[in-house]
Structure formats: structure tokens, C-alpha cells
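Residues per chain, in single letters:
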Amino acid sequence: STDENGVQLITDETKALNTDFDNLISEVHDVRTNLSSRFELLADLEKCNKMVQEWIEEIESKTNLDSSLLNDLGEKKAVLEKFKTIEKDIVSFSQIVEKLDSKIKDHPNIPNDNYLETITKFSNIKASVKQRIETLKDHVTMHESYRESVNEAVDYIRKIKQSLQLYGNFQG
């Protein structure tokens, strides 16, 4: 027993409220989706970062122990092979670090100091290992060359000694 104008007004207000409610539900859904994707992104970043940090700690402990001078060729070759293995690990972890770096660049609003520190450490280790490999290769090459020269000198002295014994024999 409401006036027709009142019924129309109530119907219009109800429709407006339904529209507002639907818009609100849509916004809540959008926010939930955004938060969910942001949470997944942050979880993935943390997972990658943690994995790389653990690997960096392991590699730093391995590489810091090998800073002593090596005298034996076998030791030099063994350490060189160890560093080549680390270099292969670096190649496999490079994909993870590149993924981490690209996600940080794609989402500049994410606090990234911790991630950038990890990426920098990785780059430093990569450069250090590359430099150590080159140095060890040079050492191995020089050591092998030295060993070959010593062997040639010993062989030359042995031949001279045999010649002296042969030609120095007055009875023969």
C-alpha cells in the first residue's frame, strides 16, 4: 500500500544497491586475485632467493678453502676440475638468477634489496670462479711445460752421460 512513486523509488534504490553490491563483489574478487598473484610472486622470489643464497654459502666455503698455493700438478688439476664443476653449477643456477632478476625488473614496486644482494654475490662468485679457472689453467700449463722441460733435460743429460761413457772408455 505504497504509492506508485514510492514503489518505483524503492525499486530504483534496490537496483542501485544491487549494482553497487555487484561492483563491490567484483572489486573484492579483483583485489583477492591481485593479492593471490602477488603472494605467489613473492613466494617464488623467496624460494629462488633462498635456493641461490644456500648455494652461494656452500660455494663460498668451498672456494675460500682452496686459496692455498699448490705445488703438485695433480693437486692443481684436481682443483681445476673442482672449479670447472662449480662453473657448471653456475650455469645451472644462472637460469634461476636470471628469473629472479627479470621478476624484480618486471615488478619494480617489490622491495628488492635482499634479492639484488643475492644477484650481486652470484655475479661476484661467477667472476671469481672464472678468474680462478683461468689462473689454474695457466698454472697447469706452465707446470706441465716445466715438467716436460725437466724430463727433456734429464733425458739429454742421460744421453750425454752414455756418450761420455761410450767414448770415454780407453780400453774399448
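As the structure is a computational prediction, the values presented were derived from the model and not from experiment. (Residues numbered from 1 in each chain as written. Predicted model: local features only at pLDDT ≥ 70, side-chain atom pairs only at ≥ 80, totals over all residues. Heavy atoms only, no water.)

Caption draft 1: Quick look at the side chain of Asp-44. Inspection of the secondary structure assignment puts Asp-44 in helix H1 (residues 4-65). Every residue in contact with Asp-44, bar those within four places of it in the chain, is listed here: Lys-99 and Lys-103. (Helix = DSSP H or I, 4+ residues; strand = E, 2+ residues; numbered from the N terminus. Contact = heavy atoms within 4.5 Å.)

Caption draft 2: Broad picture of the packing of helix H2 (residues 73-106) against helix H3 (residues 113-167). At a closest axis distance of 9 Å, the pairing of H2 and H3 adopts a crossing angle of 155°. Looking at the two axes, H2 sits roughly antiparallel to H3. Our pair here, H2 against H3, has a crossing hand that is left-handed. Taken together, the residues of the contact of H2 with H3 sort by class into 18 nonpolar, three polar and 10 charged. (Axes fitted to C-alpha atoms, helices over the stretch in contact; angles between N-to-C directions. Parallel < 35°, antiparallel > 145°, perpendicular 65-115°, else oblique. Left-handed = near helix turned anticlockwise from the far one by under 90°. Nonpolar A, V, L, I, M, F, W, Y, C, P; charged D, E, K, R; others polar.)

Caption draft 3: Representation of the pattern of salt bridges within the structure. A complete count under the given rule lists eight salt bridges for this structure. Taking the shortest distance from any N to any O, the salt bridge between Asp-44 and Lys-103 comes out at 2.0 Å. Placement of the pair is Asp-44 in helix H1 and Lys-103 in helix H2, with a sequence separation of 59 residues. Overall, the relative accessible area of 19% leaves Asp-44 in the buried class. As a salt-bridge pair, Lys-62 and Glu-58 come within 3.3 Å of each other at their nearest N and O atoms. Of this pair, Lys-62 and Glu-58 both sit in helix H1, four residues apart, which is roughly one turn of the helix. Residue classification places Glu-58 among the partly exposed positions, given a relative accessible area of 40%. Salt bridges linked by common partners bring Asp-44, Lys-99 and Lys-103 together as one network. (Salt bridge = Lys/Arg side-chain N within 4 Å of Asp/Glu carboxyl O. Buried < 20%, exposed > 50% of the residue type's maximum accessible area, 1.4 Å probe, protein only.)

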